[in-house]
Amino acid sequence: ATKQIVEEYIRNNPLSSHMLLLIDVDDFKKVNDTYGHQCGDEVLINVINNLRKTYVSGEVIGRVGGDEFVVFIGDVRDKEHLIAKAQELHELLHRAYVRGTQVIPVSASVGIAIYPENGDCYEELLYSADNALYEVKATKKGNFAICKPKE
């Protein structure tokens, strides 16, 4: 459903700039292994609730994997707006989850792709965001990276 909504948005707004963020919860397997799958599910619900706090019209939030989410933001005005939004999400995704007396650290890494520089459809944007995410995971988890423009 996320793919269809994003594709339709791009089709209806081909002259605007958009961004797709691929979010991966850092070390999620460790959360499941340490605190149990029930707690892992609660952490994921907490993450999605934090994502929703920044949701505005023209944005789409979708789950694309076990601990991976996509946020699509349409009509990005300029690079400063893009960076501000990424930093806002970054801060929201780095809040510990409190479960009774347990404080579970949570962080996420984010790869960002921009339409049309990094792709002209959902699949290409997702691929580009995944490449940026891989870069973050390899160098400094818990951060975000913007994909470089295609050659």
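Sequence order sets the numbering: in each chain, residues are counted from 1 along the sequence as written. In keeping with the predicted nature of the model, local features appear solely for residues at pLDDT of at least 70, side-chain atom pairs appear and are counted solely at 80 or more, and the whole-chain, interface and lining totals rest on all residues. To get the side-chain values, take all heavy atoms of the structure and skip hydrogens and water.

Visitor: Would you take a moment to explain the nonpolar core for this structure?
Guide: One broad rule of soluble globular proteins: the nonpolar side chains tend to lie buried together. Formed by 27 residues in total, the largest nonpolar core has its most connected members in Leu21, Ile23, Val43, Val47, Leu51 and Phe69. Taken together, the elements giving at least two residues each to this core come down to β1 (18–25), α2 (28–35), α3 (37–52), β3 (68–73), α4 (79–92) and β6 (108–115). Here a residue-residue contact requires only that any non-hydrogen atoms of the pair lie within 4.5 Å. In contact with phenylalanine 69, other than residues within four places in its own chain, are Leu21, Leu22, Ile23, Val25, Leu44, Val47, Ile48, Leu51, Gly62, Arg63 and Val64. Here, nonpolar core refers to any group of buried Ala, Val, Leu, Ile, Met, Phe, Trp, Tyr and Cys residues whose side-chain atoms link them within 4.5 Å. A simple rule labels every residue: compare its accessible area, found with a 1.4 Å probe on the protein chains alone, to the largest value its type can have, and call it buried under 20%, exposed over 50%, or partly exposed in between. Helix numbering and strand numbering both begin at the N terminus, where a helix is a DSSP run of H or I of at least 4 residues and a strand a DSSP run of E of at least 2.

Visitor: I tried to follow the pairing of β6 on my own but got confused; where do I start?
Guide: Where a strand is regular, its side chains alternate between the two sheet faces. Counting buried residues along β6, 8 of its 8 residues qualify, which places the element largely inside the surrounding structure. Every second residue of β6 is oriented toward a common face, with Ala108, Val110, Ile112 and Ile114 on one face and Ser109, Gly111, Ala113 and Tyr115 on the other, all of them buried. By the bridge criterion, 3 bridges tie β6 to strand β7 (residues 144–146) in an arrangement that is parallel. In the sheet register, glycine 111 faces β7, and the bridge partner there is alanine 145. Following the chain from β6 across helix α5 (residues 122–139) to the adjacent parallel β7, one finds a crossover that is left-handed. Two strands qualify as a pair provided DSSP detects at least 2 bridges between them. Handedness is read with the strands pointing away from the viewer; a crossover is right-handed when the path from the first strand over the helix to the second is clockwise.

Visitor: I keep staring at α5 and nothing clicks. Help me out?
Guide: Count 3.6 residues to each turn of an α-helix, and residues three or four apart come out pointing the same way. For a helix, the expected span equals 1.5 Å multiplied by the residue count minus one. With 18 residues, α5 should cover 26 Å at 1.5 Å per step; its first-to-last C-alpha distance of 26 Å lies within 8% of that length. Of all the positions in α5, only Tyr122, Leu125, Leu126, Ser128, Ala129, Ala132, Leu133 and Val136 are classed as buried. In an axial view of α5, the angular spread of the buried residues amounts to 165 degrees, which keeps them on one side of the axis. Residues of α5 that are exposed and angled more than 90 degrees away from the buried face: Tyr127, Tyr134 and Ala138. Looking at the packing, one finds that the buried side of α5 touches α1 (2–12), β1, β3, β6 and β7. When we speak of the arc, we mean the arc of directions from the helix axis to the C-beta atoms.

Visitor: Would you explain the pattern of salt bridges in this entry?
Guide: Two side chains carrying opposite charge are able to pair once their charged atoms lie near each other. Any carboxyl oxygen of Asp or Glu within 4 Å of a side-chain nitrogen of Lys or Arg constitutes a salt bridge here. Considering all chains together, one arrives at 9 salt bridges under this definition. Here lysine 29 ties to aspartate 33 by a salt bridge, and the two come within 2.7 Å at their closest N and O atoms. Here lysine 29 and its partner aspartate 33 are both found in helix α2, 4 residues apart, which amounts to about one turn of the helix. Taking relative accessible area as the criterion, lysine 29 reaches 59% and is therefore assigned exposed. Lysine 85 is paired through a salt bridge with glutamate 88; the nearest N and O atoms lie 4.0 Å apart. Of this pair, lysine 85 and glutamate 88 both sit in helix α4, 3 residues apart, which is roughly one turn of the helix. Relative accessible area serves as the criterion here: at 37%, glutamate 88 is assigned to the partly exposed category.

Visitor: Teacher, can you tell me more about the pairing of β1 here?
Guide: Most of β1 is tucked away, with 8 of its 8 residues classed as buried. Where burial is concerned, the two faces of β1 agree: the one with His18, Leu20, Leu22 and Asp24 and the one with Met19, Leu21, Ile23 and Val25 are both buried. Taken together, the 8 bridges between β1 and β6 define a ladder with antiparallel strand orientation. What sits directly across from aspartate 24, in β6, is serine 109. In this structure, β1 lies alongside β3, joined through 6 bridges in antiparallel fashion. Each residue of the ladder has a partner; that of isoleucine 23, found in β3, is phenylalanine 69.

Visitor: How do you make sense of the sheet that holds β7 when you look at a structure like this?
Guide: Across a sheet, strands are paired by hydrogen bonds formed along the backbone, either parallel or antiparallel in direction. The mixed open sheet is built from 5 strands, whose spatial order is β2-β3-β1-β6-β7. Of all the strands in the sheet, just β2 (59–63) and β7 have a single pairing partner and so form its edges. Mean inter-strand twist for the sheet, computed between neighbouring axes without regard to direction, equals 15 degrees. Axes here refer to lines fitted to C-alpha atoms; in helices the fit is confined to the stretch in contact. Angles between the N-to-C directions go from 0 to 180 degrees. This element, α3, spans β1, β2 and β3 of the sheet and lies at about 5 degrees to β3.

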